[in-house]
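Summary of the model geometry
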Amino acid sequence: MTYTPVHEPARSGEFPTGVSMQPREFSFTDLESIPQYWNLDNPVLTHFENAFSIMIPPGERFFIESVRHYRGRVTDAEGRELIRAFVQQEDLHGRAHDAFNESCERFGIDIERQRRYAERTFARVAKLLPAKVRLGITVFSEHLTAVGAHTLLTNEDAASEMDPQMLEFWRWHAAEELEHKSVAFDLFHKVGGGYFTRMISVLVSVLFLAVPMVRIARGMMRDDPHQPTRDERKEAVAFQRKILRQQAPMLLAYFSPRFHPWQIDDTEMLQDWYRTGTLEPVG
Ligand SMILES: [Fe+2]
Ligand SMILES: [Fe+2]
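Figured I'd write up the structure that's included with this text. (Residues numbered from 1 in each chain as written. Chains lettered and ligands numbered in written order. Predicted model: local features only at pLDDT ≥ 70, side-chain atom pairs only at ≥ 80, totals over all residues.)

The number of helices and strands found in the protein is 10 helices and two strands. Listing each helix as α and each strand as β along the protein from the N terminus yields β-β-α-α-α-α-α-α-α-α-α-α. Each of the three principal axes of the protein carries a C-alpha extent, and together these read 55 × 45 × 35 Å. Residues classed as buried in the protein amount to 39% of the 283 residues present. Summarising the internal contacts of the protein: among those between residues at least 6 apart in sequence, 82% fall at separations of at least 24. (Helix = DSSP H or I, 4+ residues; strand = E, 2+ residues; numbered from the N terminus. Buried ≥ 20, exposed ≤ 12 C-beta atoms within 10 Å, placed from the backbone. Contact = placed C-beta atoms within 7 Å.)

Right, here's the structure in full:
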């Protein structure tokens, strides 16, 4: 077993039946044995996923702080428990990604430099933007991760050629992202966040976070002595296009003023993940 429940679960009466937030600790069986190009054996796809992984620890801390900022406005026991479990899950995700990221140093990639750049990026966003937009960025990021999680847990293509340890790692993170996908969204509405701020936050997220992620991926590709071949680049673009086509309806759903994360029902795939991990569903 590589994931162990470490805190009490939490759930809301608004969650679908059989879904609860269980913070679990993930530990790799053997980090050193993960191949450099763990994602479809493709350097471009792997460097982009690794860049995402570099953004995750400071990103999770940013999300935690954006939610914590409004903790005083949540007075009911259930709401406070959801925030507690959200913070615990995101904190554990950040730690596991730190462990994985550090292990990539062995391929000659300057991880420390990229890590510091990602830290500075989130620190700048935290300093420049008001609390409501910071929470809006969290809400949008949670939607993106939930859509990614949905793809990973349902799409055999996305999973079939991934290194087994990495697949297990990302599936653990994906499942917990689905469990808590409505927490920041519901908090945003509870504290008066409206459609306009939610949309502004999309724009800000793209400008402040997507651009740095591409820069990190490029930096890591520059450090790598193996430069991607034309075929590897073509394969990466074709794969990404295919995934994006599958994700488009879920991504676009966010732009409806009536959107709510649980409109996309992930209950079944969560139940599947509980079953394959022989985990007892809670709630
Ligand atoms: Fe997370
Ligand atoms: Fe999350």
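A separate point is the packing of helix 3 (residues 111–128) against helix 8 (residues 195–223). Following both chains from N to C, one finds helix 3 and helix 8 inclined at 170°, their axes separated by 10 Å at the closest point. When the axes of helix 3 and helix 8 are compared, the pair comes out roughly antiparallel. Only Phe208, Pro212, Ile216, Gly219 and Met220 of helix 8 make contact with helix 3, whose side of the interface consists of Gln114, Tyr117, Ala118, Thr121 and Val125. The residue inventory of the contact of helix 3 with helix 8, partitioned by class, reads seven nonpolar, three polar and no charged. (Axes fitted to C-alpha atoms, helices over the stretch in contact; angles between N-to-C directions. Parallel < 35°, antiparallel > 145°, perpendicular 65-115°, else oblique. Nonpolar A, V, L, I, M, F, W, Y, C, P; charged D, E, K, R; others polar.)

In a regular helix each residue adds 1.5 Å, so 26 residues correspond to 38 Å; helix 1 (residues 43–68) covers 37 Å between its end C-alpha atoms and thus fits that length. Roughly 40° is the biggest bend found in helix 1, and it falls at Ile56, with proline Pro57 one to four residues downstream. Within helix 1, 20 of the 26 residues are buried, which leaves the element mostly enclosed by the surrounding structure. (Expected span 1.5 Å × (residues − 1). Bend = angle between axes of the 7 residues up to and from the residue.)

Positive phi values are uncommon outside glycine, yet Leu40 reaches one of about 55°. In this structure, Asp41 is a non-glycine residue whose phi angle is positive, near 60°. Given 15 C-beta atoms within 10 Å, Asp41 falls into the partly exposed group.

Further remarks concern the environment of Ala149. Mapped onto the secondary structure, Ala149 falls in helix 4 (residues 131–154). Once residues within four sequence positions are removed from consideration, Ala149 is found in contact with Ala174, Glu177 and Leu178.

The biggest cluster of nonpolar side chains holds 41 residues, and the ones touching the most others in it are Ala51, Val67, Leu82, Phe86, Ala184 and Ile216. Elements with a contribution of two residues or more to this core: helix 1, helix 2 (77–103), helix 3, helix 4, helix 7 (183–190) and helix 8. Take this core: its biggest share by element is 10 residues, from helix 1. What Ala184 contacts, discounting residues up to four positions off in sequence, is Phe63, Val67, Leu135, Thr138, Val139 and Glu142. Counting 19 residues, the second largest nonpolar core, distinct from the first, contains Ala96, Ala149, Leu153 and Phe169. (Core = buried A, V, L, I, M, F, W, Y, C linked by C-beta atoms within 7 Å.)

Purely spatial values, then, with no claim about function.
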